[in-house]
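Structural overview
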Amino acid sequence: MSEVPGDLRYSTSHEWVRVNEDGTVTTGISDHAQEQLGDLVFVELPEIDHEMEAEEACAVVESVKAASDFYAPIAGTVVEVNEDLAGAPEAVNQDPYGAGWLMRIQPSSVDDVDRLMSPEEYREFIESE
Amino acid sequence: MGNRTPLYESHKAMGAKLVDFAGWDMPIHYGSQLEEHHAVRRDAGMFDVSHMTVVDLHGDKTRDFLRYLLANNIDKLQNPGKALYSCMLNEQGRVLDDLIVYFLTENNFRLVVNSATREKDLAWIIKQAAAFDVQVIEQPQLAMIAIQGPNAREKTLSLFNAEQRKVVEGLDLFFGAEVDDWFVARTGYTGEDGFEIMLPDVEAPAFWQALADAGVQPCGLGCRDTLRLEAGMNLYGADMDESVSPLVSGLGWTIGWKPEARDFIGRKALEAEREAGPEQKFVGLLLEGRGVLRGHQKVVVGDQTGETTSGGFSPTLQRSIALARVPASIGARCQVEIRGKLLDCKVVKPPFVRNGKAQIEL
């Protein structure tokens, strides 16, 4: 069974979101999603200051099998990307909620986070898929 | 539910992730495609390839038939057990399938063809065989296990008894031998040494388990694809199919042009193409920067274009590689379009990796 930490929110396209103390959010792909994708070999991240709409395809994760889009879980501006992934994309497989984070976003509206799924809802969602 | 090989339950018990492959429920990996890839390059891995189609040909005129059916020249097979890789072409010189043929006895040859093309191949072979009075007998009761890697032979041999060992140990590259009702061949599809073993389906699960116990890593079809790509081996349906000739698919070397008197299906069309000079050629590409090449991406060569036929990340080289059909005028470099961006590639000659070592300059 995939790990679904209780302190995060989740999107239907399998991104997770963590609200930081400074009001930014950190996001990445869920344990369930990395498992489905298989071994990651390349991650293409957006530019800093890139402004994006919710559900916009803003990054690409490439596994040995295929390239998959990563969708912005909320609208906002990219304030930081995980540059370590350039040399170690496998961190997404090994530690999807930690070292495998993708980007940090300044949300357009903090309320957007509340519209995402709770851990319980996400657990049900992946079981029903 | 798709077709299942005799090893289906073994795969499930060993934790395989199963996917549909040409109508068969096959393992894609057992946890990590990358780890399985490295196991084959560094030690030993095994693949269930029982979904492939084994066809035996019987009859006094089997050799005559194969002289006509195959683009490669069957007369290269003079010693029993010897194997030959060949394309089977249609009248237009396009590739119906690629296959391996084993010479067993003068009136018995064995073909191993792809699973996705099974029905088409069988219909074609049966149709062509009629004039030669050759019997075409499929062997669906045979399971097939490929064991590949630098330690594959040693680990496999440890499971044979002295009698069997004597037969199998001395096998030369690209030869096979019958051992009781098993057929053991020193062939493969990964660029590593090893065996491909055909055995009765009922015996397959125990042998698979014994191999695992001997330290052979179960591998899925996922890493089989990255291994064969590194080895520069063509995949039917990706790198060639019925729309192209072997001359533009990197398979010119498999055509038995001599003797000129041998008439094989597709010969006339191929000769015409060779005379005119093929407009395209088949090359390897190495992506210079970061990113992943895939099949069916546009290759840009000046004002001309070509296409990658298969591509991916090479776990051994830690770089991205591809096979591509490109304008014959291509030089040492080109660009490939990935998500709207043109990325620089070096043109190289496959294979990329052989026996665990890089064959190209990175």
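Everything numeric here is computed off the predicted structure, so don't read it as measured data. (Residues numbered from 1 in each chain as written. Chains lettered and ligands numbered in written order. Predicted model: local features only at pLDDT ≥ 70, side-chain atom pairs only at ≥ 80, totals over all residues. Heavy atoms only, no water.)

Further remarks concern the interface of chain B and chain A. Facing twelve residues of chain B, the contacting portion of chain A comprises 14 residues. Taken over both partners, the interface formed by chain B and chain A buries close to 1300 Å², and the fraction arising from carbon and sulfur atoms is 47%. Taken as a group, Arg290(B), Arg294(B) and Arg339(B) account for 43% of the area that chain B buries against chain A, more than any other trio of residues on that side. Where chain B touches chain A, the interface holds four salt bridges. A salt bridge links Glu44(A) to Lys341(B), with the shortest nitrogen-to-oxygen separation between them at 3.6 Å. If you look at where chain B meets chain A, you find eleven residue pairs in polar contact (both at pLDDT 80 or more). Here the residues of the side of chain B that touches chain A are counted per class, giving four nonpolar, three polar and five charged. (Contact = heavy atoms within 4.5 Å. Buried area = accessible area lost by both parts, 1.4 Å probe. Salt bridge = Lys/Arg side-chain N within 4 Å of Asp/Glu carboxyl O. Polar contact = N/O pair within 3.5 Å; in protein donor to acceptor, adjacent residues only side chain to side chain. Nonpolar A, V, L, I, M, F, W, Y, C, P; charged D, E, K, R; others polar.)

Bringing the UniProt feature "domain: Lipoyl-binding" (unreviewed entry) in chain A into the picture now. Within this numbering scheme, the UniProt entry marks residues 24-106 of chain A as carrying the feature "domain: Lipoyl-binding" (unreviewed entry). As a span, residues 24-106 of chain A carries 13% helix and 41% strand, and end to end its C-alpha atoms are 5 Å apart. (UniProt positions renumbered as here; feature names shortened; annotations may be inferred. Helix = DSSP H or I, 4+ residues; strand = E, 2+ residues; numbered from the N terminus.)

Residues and elements named next belong to chain A. On the surface, a cluster of negative charge is made up of Glu 120, Glu 121, Glu 124 and Glu 127. Residue position: Glu 121 is located in helix α4 (residues 119-128). The class of Glu 121 is partly exposed, set by a relative accessible area of 44%. (Patch = residues over 30% accessible without salt bridge, like charges linked within 9 Å, V, L, I, M, F, W, Y side chains within 5 Å. Areas by Shrake-Rupley, 256 points an atom, 1.4 Å probe, with all protein chains shown as cover. Lys, Arg positive; Asp, Glu negative; His and termini not counted. Charge placed at Lys NZ, Arg CZ, Asp CG, Glu CD. Buried < 20%, exposed > 50% of the residue type's maximum accessible area, 1.4 Å probe, protein only.)

A word on the state of the cysteines. Residues and elements named next belong to chain B. Using the criterion set out here, one finds zero disulfides over all chains in the structure. Summary of cysteine pairing: Cys 223 is not part of a disulfide, and the nearest cysteine sulfur, belonging to Cys 219, is at 4.1 Å. The exposure class assigned to Cys 223 is buried, which follows from its relative accessible area of 0%. (Disulfide = S-S within 2.5 Å.)

Now for the sheet that holds strand β12 (residues 194-200) of chain B. All names here are of chain B. The mixed open sheet is built from six strands, whose spatial order is β10-β11-β12-β9-β3-β13. Edge positions in the open sheet fall to β10 (176-179) and β13 (217-218), since each of these has one partner strand only. Across two bridges, the pairing between strand β3 (residues 45-48) and β13 is parallel. The partner of Gly 45 across the bridge, within β13, is Gln 217. Strands in contact with helix α6 (residues 162-169) are β10, β11 (182-185) and β12; relative to β10, the strand with the most contacts, it is inclined by about 165 degrees. On the sheet, helix α7 (residues 204-213) packs against β3, β9 (142-148), β11, β12 and β13 and is oriented at approximately 10 degrees with respect to β9. (Pairing = 2+ DSSP bridges. Axes fitted to C-alpha atoms, helices over the stretch in contact; angles between N-to-C directions.)

Let us look at helix α8 (residues 221-230) of chain B. Every α-helix winds through 3.6 residues per turn, so residues three or four apart in the chain are directed the same way. All names here are of chain B. α8 sits mainly inside the fold: nine of its ten residues count as buried. Leu 221, Gly 222, Cys 223, Arg 224, Thr 226, Leu 227, Arg 228, Leu 229 and Glu 230 are the residues of α8 that are buried. One or two residues past the end of α8 sits Gly 232, with phi positive at roughly 70 degrees.

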